[in-house]
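This is what each chain is made of:
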Amino acid sequence: MTQQRDVWLSFTVNGEPVSAKDISPAITLLEYLRLSGRAGTKEGCGDGDCGACTVAIVGAGADGKPHYQAVNSCLIPLGAVAGRQVLTADGVTQCSIPKKPLVKEPVTFEQLHPVQAAMVETGGSQCGYCTPGFIMSLFAAYYDGTPDDLSVEGNLCRCTGYIPIRRAAQLVADATIQDQFSAQLGSAATELLPLAYTTQNNGHSERFYRPTQLSEVLDLLQQHPDATLVAGATDLGLEMSWHRQHYPVLISLEAIAELKQIQQTEDYVEIGAAVPLSHIEANLHGIFPSLDEMIHWFAARQVRNRATLGGNIGTASPIGDLPPVLLSLDATLKLAGPGGERTLPLANFFTGYRQTELQSSEVIVAVQIPRRPAPGTARRLAQSYKIGKRGTDDISIVAAAFVVDVDSSNTILHARLGYGGVAATPP
Ligand SMILES: Cc1cc2nc3c(=O)[nH]c(=O)nc-3n(C[C@H](O)[C@H](O)[C@H](O)COP(=O)(O)OP(=O)(O)OC[C@H]3O[C@@H](n4cnc5c(N)ncnc54)[C@H](O)[C@@H]3O)c2cc1C
Ligand code: FES
Ligand code: FES
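Quick caveat: nothing in here was measured; it's all calculated off a predicted structure.

Asks: Looking at this structure, I do not really get the sheet that holds strand S11 (residues 268-272). What am I missing?
Replies: Paired through backbone hydrogen bonds, the strands of a sheet run either parallel or antiparallel to each other. Strand order in this open sheet of five strands is S10-S11-S16-S12-S13, and the pairing throughout is antiparallel. Every interior strand has two partners, whereas the edge strands, strand S10 (262-264) and strand S13 (340-345), have only one. In this sheet, neighbouring strand axes are inclined to one another by 20 degrees on average, regardless of whether the strands run parallel or antiparallel. Two elements, strand S12 (residues 332-337) and strand S16 (residues 363-370), share five bridges in a ladder whose sense is antiparallel. Each residue of the ladder has a partner; that of leucine 333, found in S16, is valine 367.

Here it is in structure tokens:
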């Protein structure tokens, strides 16, 4: 894989095949859409906060049917879109898929997607700037979830007000799903193929690798000591979109099956580093209630659809929300490097402000969380708390998570407290 160089970034937008050449893999999908004339997708904040840029990525569900994930296009590097199907608000009307991806002629009410029709009916749009984003969040929820407040928690509207938009969500939630829309939106995406894309940008070479084996990631890290790992890009995406940070070599972890697994035994749950948080939310609900609680308040749906546990730990932010919870649950990290695998208690991982024990040649492979409380435990008390400037769609100012195991006489057998936002590292 690493020998072959791709010169194109190929994907589809609203059913139309797109091949981008000589383009930086680190520009965002949003920049690409707008530069290529697909201006229906809007830019508000450019940092994942407002949802105006929301698009849907088509993936294959366990049932083989297409499923749709709402994501912020302002955070996804273009390299990460290769091989995927992207849908935007321009593309979900009945008339525009797949033959007319750029709607140039008026659309009749009957041609609107049910989500668009609901927004028209309830007057859910005034200036319209936020509308394409709301449409795509509701669109994804229409097929893959529940169109409700949570499905649009990552979308901000500053002029219509939320009541008509909530009514639109209600209308959509009450409607029967019309499968003919799903059918015309394209077949399920297949597996992500390996990618090794190279281009020149302002005299600098830029490479984007998407290997499919962990061993390839380790080889690439050896070959390119200046490489940066990228998972969901909800952290790195900010650097790309706002700070125009130059990344000579990006190695995507998204196609590595080994990093995307969840294993459950009687003793522990092991979560692959590249598992998106929304997947953890859906598949491990009820096992670690304090983790459920923190993930619930983590950013918003579009970010959780991409953000990973490995990225939250790898970024080593002192205000990352998950390390306090994982510390309280006595989590252990599995790390892989050229010399093989090693394990390290998360409590020993953070060494200073944004500094960790991870070597530049290593990757976080998984997080293992023990399931059994201390011997003799009659009851486990586990809670997590987060205080941010906003209820949702925001990182914390301070966070805390507590686990206390007590015996039948309420004597504490084991207590572990994790904090975020109070020191240079999560203590
Ligand atoms: C709008 C918005 C809201 C947010 N809200 C929250 C919030 O509420 N709480 C919170 O904690 N964070 C929040 N974040 C930050 C971010 O979403 C999280 O840190 C997220 O978990 C990062 O995961 P990722 O997969 O996107 O990481 P990426 O951006 O892909 O990577 C982040 C860092 O981790 C490294 N990395 C990734 N995977 C690995 C791996 N397997 N091994 C070694 N290194 C790795 C990368 O090299 C990079 O340095 C928010 C971000 C945005 C844009
Ligand atoms: S432009 Fe605001 S979330 Fe992307
Ligand atoms: S309709 Fe104007 S910001 Fe929402």
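Asks: Please explain the domain arrangement of the chain as it appears in this structure.
Replies: One widely used convention gives an interface's size as the accessible area the parts lose upon coming together. By domain assignment, the chain separates into domain 1 (8-184), domain 2 (195-252) and domain 3 (262-420). For domain 2 versus domain 3, the distance between C-alpha centres works out to 26 Å. On the side of domain 3, 17 residues touch domain 2, which itself brings 12 residues to the contact. It is helix H6 (residues 214-223) that contributes the most residues to the side of domain 2 that touches domain 3, five residues altogether. Considering only residue class, the side of domain 2 that touches domain 3 consists of eight nonpolar, three polar and one charged.

Asks: Mind showing me how you'd approach helix H9 (residues 289-296) here?
Replies: Among the residues of H9, those classed as buried are Ser290, Leu291, Met294 and Ile295. Looking down the long axis of H9, one finds its buried residues gathered within 135 degrees of arc, a one-sided arrangement. Looking at the packing, one finds that the buried side of H9 touches helix H8 (277-283), helix H10 (301-304), helix H12 (322-328), strand S17 (379-388) and strand S18 (396-406).

Asks: Is there a simple way to think about the packing of helix H2 (residues 114-122) against helix H3 (residues 131-144) in this case?
Replies: Between two packed helices, both the angle of their axes relative to each other and the distance between the axes serve to describe the pair. Their axes nearest at 9 Å, the elements H2 and H3 cross at an angle of 130 degrees. As judged from the angle between their axes, H2 and H3 are oblique. When you trace H2 past H3, the crossing you get is right-handed. Here H2 contributes Pro114, Val115, Gln116 and Met119 to the contact with H3, which in turn contributes Thr131, Phe134, Ile135, Leu138, Phe139 and Tyr142. The residue inventory of the contact of H2 with H3, partitioned by class, reads eight nonpolar, two polar and no charged.

Asks: Can you walk me through the sheet that holds strand S6 (residues 195-201) in this structure?
Replies: One open sheet holds the four strands; their spatial order is S6-S7-S9-S8, and the pairing between them is mixed. At either margin of the open sheet sits one strand with a lone partner, and together these are S6 and strand S8 (227-230). Averaged over all pairs of adjacent strands, the angle between their axes in this sheet comes to 20 degrees, without regard to strand direction. Sheet topology places S6 next to strand S7 (residues 204-210); seven bridges connect them, and they run antiparallel. Residue glutamine 200 lies in a different strand from S7, and its bridge partner there is serine 205.

Asks: Honestly, the site of ligand 1 in this entry has me stumped. Any pointers?
Replies: Every one of the 34 residues lining ligand 1 counts as a neighbour, but Gly48, Gly232, Gly310, Gly311 and Gly314 are closest to it. When contributions to the shell around ligand 1 are tallied by element, the ones reaching two or more residues are S8, helix H7 (236-241), helix H11 (309-314) and S16. Broken down by element, the residue count for the shell around ligand 1 peaks at four residues, all from H11. Its residues assigned to classes, the shell around ligand 1 shows 18 nonpolar, 11 polar and five charged.

Asks: Looking at this structure, I do not really get the pairing of S13. What am I missing?
Replies: The two faces of the sheet receive side chains in turn, since in a regular strand these alternate between them. The buried fraction of S13 amounts to zero of the six residues, a small share that puts the element mostly on the outside. In the sheet, S12 pairs with S13 via six bridges, with the strands oriented antiparallel. Among the inter-strand pairings, leucine 335 is bridged to a residue of S13, identified as arginine 342.

Asks: How should the environment of glycine 48 be read in this particular structure?
Replies: Following the sequence through the fold, glycine 48 ends up in the loop between helix H1 (29-35) and strand S3 (54-60). For the pair glycine 48 and valine 303, spaced 255 residues apart in sequence, the C-alpha to C-alpha distance is 7.3 Å. Not counting residues within four places of it along the chain, the set of residues in contact with glycine 48 comprises Asn72, Cys74, Leu75, Thr234, Gly237, Leu238 and Val303.

Thresholds, definitions, all that
- Residues numbered from 1 in each chain as written.
- Chains lettered and ligands numbered in written order.
- Predicted model: local features only at pLDDT ≥ 70, side-chain atom pairs only at ≥ 80, totals over all residues.
- Pairing = 2+ DSSP bridges.
- Helix = DSSP H or I, 4+ residues; strand = E, 2+ residues; numbered from the N terminus.
- Axes fitted to C-alpha atoms, helices over the stretch in contact; angles between N-to-C directions.
- Domains from an automatic or database assignment.
- Contact = placed C-beta atoms within 7 Å.
- Nonpolar A, V, L, I, M, F, W, Y, C, P; charged D, E, K, R; others polar.
- Buried ≥ 20, exposed ≤ 12 C-beta atoms within 10 Å, placed from the backbone.
- Arc of directions from axis to C-beta.
- Parallel < 35°, antiparallel > 145°, perpendicular 65-115°, else oblique.
- Left-handed = near helix turned anticlockwise from the far one by under 90°.
- Near = placed C-beta within 6 Å.

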